[in-house]
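Next come the chains, spelled out residue by residue.
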Amino acid sequence: MLTRLASDTHEEVYRVEDRDSGLTGFIALHSTRLGPAAGGLRMRPYPDEAAALEDVLNLARGMSYKNAAAGLPLGGGKAVIMGDAARDKTPELLRAMGRAIDALGGRYWTAEDMGMSPADMAEIARETRYVAGRESGAHASGDPSPVTARGVLGAMRAGAARLWGGDDLAGRSVAVQGLGHVGWHLCRLLAEGGAELLVADMDAERVAAAVQAFGAREIPPAAIHAAQADVFAPCAIGGVLNHRTIPEIRAAMVCGAANNQLATPGDADRLHRRGILYLPDYVANGGGIINVAAEILCIADRGPWVEERLAAMRAMMERLLARAAQEGASPAPVADRMVEEVLFGDAR
Ligand code: NAI
């Protein structure tokens, strides 16, 4: 069921097929230099196998960077299943993927991603123990979003210290795009810290709840990036920093949880040229993977361990912002370089 594919860029790449259940997918291990490759399992209706393969390769590489930036002893990997999660997902198909993951002997650990639920992870776990982000069982880490939100807040404080000479966010205004799992927790933490909130979501009920709970001001979704605020916090979808939105941003800093916020790498320079401090997303949102890592690494006393890692992640953000300022460069390529020093070291 596993066919190994040749790769110049990734350590191991597999095509996964199980005719009985209708499974076609891919598993990619980008790097195991720092530890077992970890990254979620995604299910999407890809147009063809080439598109699914391209996605899994990019995502696996991204996980290497994210895990290294968070200072974790984990490498980067990812798995994808081709298909419509609402229509094509069956217990048989999930279990077939579970057997494929198990055959890799722990070199790849999976978790929930787009198109997957905790119940699906439980199904996969019937075939393999290399599943994290579970809701029950020994070391289960559950919903990562509260920890992700705390990591984003720490990053935002590091950015505030650099911009305004102190990390207190009281009296600062933050425009939060997306009031989902992470966005909501972030709003709560910010409100507790005395920040003023401007919020947008496609779901009007969530917006109304945030207005009620945090005294937030509602902004239309199409205008949240351009809100008059100190910080813009993308916590919804990717690609929100692009040639159209960047000229309209009025915040001095962009710091949020969303993955792949930059539409293109050049958009980091676009922000830099406008004097907007962009905090690299994969460094700012590493709290989620820290939470999951405690499960993979079977950390017995997870509370203090997670705290220590969150503090280290903020310190990493502080170091990279200092280096970017020194070089007069955008923090995005500086983060990549710092992570590559850890990931590839003298192997390059
Ligand atoms: P979620 O699905 O719970 O929330 C997303 C929210 O954004 C929803 O309320 C949705 O209605 C809203 N939304 C969608 N499009 C929007 C738009 N154009 N304008 C305004 N609101 C919009 O997702 P979650 O878990 O909160 O994650 C948010 C982002 O953070 C995603 O990009 C995710 O990949 C990333 N992330 C999440 C982590 C976690 O621990 N949940 C960890 C690391 C990254």
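Heads up: the structure comes first, above all this text.
Residues numbered from 1 in each chain as written. Predicted model: local features only at pLDDT ≥ 70, side-chain atom pairs only at ≥ 80, totals over all residues. Heavy atoms only, no water.

*Asks:* Give me the packing of aromatic side chains: which residues, what numbers.
*Replies:* A complete count under the given rule lists three aromatic pairs for this structure. Ring centres of Tyr 65 and Tyr 282 lie 6.1 Å apart, and the angle between their planes is 85 degrees; on these two criteria the pair is classed as edge-to-face. Pair noted here: Tyr 65 is in helix H1 (residues 49-69) and Tyr 282 is in helix H9 (residues 281-284), with a separation of 217 residues, a long-range link. One exposure class covers both Tyr 65 and Tyr 282, and it is buried. Ring centres of Trp 109 and Tyr 130 lie 5.4 Å apart, and the angle between their planes is 80 degrees; on these two criteria the pair is classed as edge-to-face. With Trp 109 in strand E7 (residues 108-109) and Tyr 130 in the loop between helix H4 (118-124) and helix H5 (145-164), this pair connects stretches of sequence that are 21 residues apart. With respect to burial, Trp 109 and Tyr 130 carry one shared label: buried. The ring of Trp 164 has Arg 172 sitting right over it, with the charged end atom 4.0 Å from the ring centre. (Phe/Tyr/Trp six-rings, centres within 6.5 Å; stacked < 30°, edge-to-face > 60°. Helix = DSSP H or I, 4+ residues; strand = E, 2+ residues; numbered from the N terminus. Buried < 20%, exposed > 50% of the residue type's maximum accessible area, 1.4 Å probe, protein only. Lys NZ or Arg CZ within 6 Å of the ring centre and 35° of its normal.)

*Asks:* Any chance you could break down the sheet that holds strand E9 (residues 196-200) for me, citing the residues and the numbers?
*Replies:* Read from one edge of the open sheet, six strands run E10-E9-E8-E11-E12-E13, paired in parallel fashion. In this open sheet, the two edge strands, each paired with only one partner strand, are strand E10 (217-218) and strand E13 (277-278). Bridge count for E9 against E10 is two bridges, and the pairing is parallel. Its bridge partner lying in E10, Val 199 is registered against Glu 218. (Pairing = 2+ DSSP bridges.)

*Asks:* Could you give an account of the packing of helix H6 (residues 181-192) against helix H7 (residues 204-214), with specific residues and numbers?
*Replies:* For the pair H6 and H7, interaxial distance at closest approach is 11 Å and the crossing angle is 15 degrees. One way to sum up the angle between H6 and H7 is to call them roughly parallel. The handedness of the crossing between H6 and H7 is right-handed. Residues Trp 184, Cys 187, Arg 188 and Ala 191 of H6 touch H7, and the partners they reach there are Arg 206, Ala 209, Ala 210, Ala 213 and Phe 214. In terms of residue class, the contact of H6 with H7 is made up of seven nonpolar, no polar and two charged. (Axes fitted to C-alpha atoms, helices over the stretch in contact; angles between N-to-C directions. Parallel < 35°, antiparallel > 145°, perpendicular 65-115°, else oblique. Left-handed = near helix turned anticlockwise from the far one by under 90°. Contact = heavy atoms within 4.5 Å. Nonpolar A, V, L, I, M, F, W, Y, C, P; charged D, E, K, R; others polar.)

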